[in-house]
Amino acid sequence: MKILKSGCGCAPLAVDRLRRRFWMRLLLPRHRAYRCRHCERGFLASKSIIEASLAAQREERFLDLQRLFITMASPP
Ligand SMILES: [Zn+2]
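This one's a predicted model, so the numbers in the text were calculated from it and none came from an experiment. (Residues numbered from 1 in each chain as written. Predicted model: local features only at pLDDT ≥ 70, side-chain atom pairs only at ≥ 80, totals over all residues.)

**Q** What am I meant to see in the overall build of the chain here?
**A** Of the regular secondary structure elements, the chain holds two helices and four strands. Written out in order from the N terminus, the α and β elements of the chain read β-β-α-β-β-α. For 76 residues, the compact-globule formula gives about 11 Å, and the C-alpha radius of gyration of the chain, at 17 Å, lies well above that figure. Reported as C-alpha extents along the three principal axes, the dimensions of the chain are approximately 60 × 20 × 20 Å. Split into buried and exposed, the 76 residues of the chain put 11% on the buried side. Nonlocal contacts in the chain, meaning residues at least 24 apart in sequence, comprise 48% of its contacts between residues at least 6 apart. (Helix = DSSP H or I, 4+ residues; strand = E, 2+ residues; numbered from the N terminus. Rg over C-alpha atoms; globule rule 2.2 N^0.38 Å. Buried ≥ 20, exposed ≤ 12 C-beta atoms within 10 Å, placed from the backbone. Contact = placed C-beta atoms within 7 Å.)

What follows is the structure, encoded as structure tokens:
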């Protein structure tokens, strides 16, 4: 399992968290194990970076919906 700085690169980011062995948690306490739902690749990545990426995606989806509603509310 590789350590990837910000995930495997698939977009949009969709990951499942994997359980790690005790010694792995001791060795890399700030990293978590994830598996990508697109490419099935398992990797270790920083918890804060993955969570920030997921939050940014959620915000982007919210802004997309907001734009759609504004467009629907004011037809040309
Ligand atoms: Zn992937």
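**Q** What is the right way to read the nonpolar core from this model?
**A** Most often, soluble globular proteins keep nonpolar side chains buried together rather than apart. Residues Val-15, Tyr-34, Phe-43, Ala-45 and Ile-50 constitute the largest nonpolar core, which totals five residues. Other than its neighbours up to four places away in sequence, Ala-45 contacts Leu-4, Lys-5, Ser-6, Gly-7, His-31, Arg-32, Tyr-34 and Ile-50. (Core = buried A, V, L, I, M, F, W, Y, C linked by C-beta atoms within 7 Å.)

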